[in-house]
Amino acid sequence: GTNVGYISIIVQQPNLATPPVPVQPNLQTITVYCNVTLESPKAISACRDEIIGTTIITEFDTPGEYEVVWYYVDQFGNHTTQNQTVPSEDFIPDNLRITKCENEINPNFDLTVIENDLPAATYHYYRNQGDLSYNIQIPDPSNSVYESDYPYFYIKGTLANGCSVSKRVDLVFETSPQIIS
């Protein structure tokens, strides 16, 4: 029993019919505002080659919910797919309103309270559509005087990526609850 220096090599042949395996088993849902260009995910073939996913469209600039199907095909024609959800929405929602009780002494509204529920952006406030068009801002949106001619205002937000959205916000006086005995 002496060892004469033989080297044992084991070669494992991959199954070439194995479809590519995505690097990320589950692609995350990406919520975007205004526009997005998706980055292609990757998969690995049976031969350990990297495959870049392809799809029909990777740029979205209209609000909606998109279901993206990524395709991976290796050099042998084996393929697999992977789905990704991309909801694209305005970052300022429709039908916004600020309410006050109608018996409050101070008829002024703090328009900036609406920002608490919105993403970080630069916001400006406008009395009406014409002011918005000409960029005539409300001077002190934190203490805006209510005028019956304008029971609403417009808010315009601009994200760091340049995406800009404007929406109408209604100012509403609610009747205060009455205690009836």
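The rules behind each value
- Residues numbered from 1 in each chain as written.
- Predicted model: local features only at pLDDT ≥ 70, side-chain atom pairs only at ≥ 80, totals over all residues.
- Heavy atoms only, no water.
- Helix = DSSP H or I, 4+ residues; strand = E, 2+ residues; numbered from the N terminus.
- Buried < 20%, exposed > 50% of the residue type's maximum accessible area, 1.4 Å probe, protein only.
- Contact = heavy atoms within 4.5 Å.
- Areas by Shrake-Rupley, 256 points an atom, 1.4 Å probe, with all protein chains shown as cover.
- Lys, Arg positive; Asp, Glu negative; His and termini not counted.
- Charge placed at Lys NZ, Arg CZ, Asp CG, Glu CD.
- Core = buried A, V, L, I, M, F, W, Y, C linked by side-chain atoms within 4.5 Å.
- Pairing = 2+ DSSP bridges.
- Axes fitted to C-alpha atoms, helices over the stretch in contact; angles between N-to-C directions.
- Disulfide = S-S within 2.5 Å.
- Polar contact = N/O pair within 3.5 Å; in protein donor to acceptor, adjacent residues only side chain to side chain.

Novice: Just give me the short version of the overall build of the protein chain, but keep the residues and values in it.
Specialist: When you go through the protein chain residue by residue, the secondary structure sums to 1 helix and 14 strands. Burial analysis of the protein chain (181 residues in total) assigns 31% to the buried set. Considering only contacts within the protein chain whose residues lie at least 6 apart along the sequence, 58% involve residues at least 24 apart. Accessible surface, the protein chain as shown: approximately 12200 Å² in total, 49% of it carbon and sulfur. Distance between charge centroids for the protein chain: 2 Å, based on 8 positive and 22 negative side chains.

Novice: Go over the nonpolar core with me, naming the residues and quoting the values.
Specialist: Core analysis: the biggest nonpolar cluster contains 19 residues, and Phe91, Ile92, Leu111, Tyr125, Phe153 and Ile155 have the highest contact counts within it. Contributions of two or more residues to this core are made by β9 (96–101), β11 (122–126), β13 (152–158) and β14 (164–174). With 3 residues, the single largest contributor to this core is β14. Residues Leu27, Leu38, Ala43 and Ile51 belong to the second largest nonpolar core, which totals 11 residues.

Novice: Tell me about the sheet that holds strand β5 (residues 50–52), and name the residues and values.
Specialist: The strands that make up a sheet pair up through hydrogen bonds in the backbone, lying either parallel or antiparallel. Strands sit in the order β1-β4-β5 across an open sheet of 3 strands; the sheet is antiparallel. In this open sheet, the two strands that pair with only one neighbour each are β1 (21–22) and β5. Note that β1 and strand β4 (residues 42–44) share 2 bridges and pair antiparallel. The residue bridging proline 22 from the neighbouring strand is alanine 43, located in β4.

Novice: For the sheet that holds β11, give the residues involved together with the corresponding values.
Specialist: Within the open sheet, the 4 strands sit side by side as β9-β14-β13-β11. Their pairing is mixed. Every interior strand has two partners, whereas the edge strands, β9 and β11, have only one. Neighbour-to-neighbour, the strand axes of this sheet turn through a mean angle of 25°, independent of strand direction.

Novice: How would you summarise the state of the cysteines if you had to cite specific residues and measurements?
Specialist: The tally for this structure, following the rule as stated, stands at 1 disulfide. There is a disulfide in this structure between cysteine 34 and cysteine 163, and the S-S distance comes to 1.3 Å. Of this pair, cysteine 34 sits in the loop between β2 (32–33) and β3 (36–37) while cysteine 163 sits in the loop between β13 and β14, and the two are 129 residues apart along the sequence. Assigned by exposure class, cysteine 34 and cysteine 163 land together as buried.

Novice: Describe in detail the side chain of glutamine 82, supporting the description with residues and values.
Specialist: On the secondary structure map, glutamine 82 appears in strand β8 (residues 79–89). For glutamine 82, the side chain forms a polar contact with the main-chain oxygen of glutamine 24, separated by 2.5 Å. Here the side chain of glutamine 82 touches tyrosine 72 through a polar contact of 2.6 Å, side chain to side chain.

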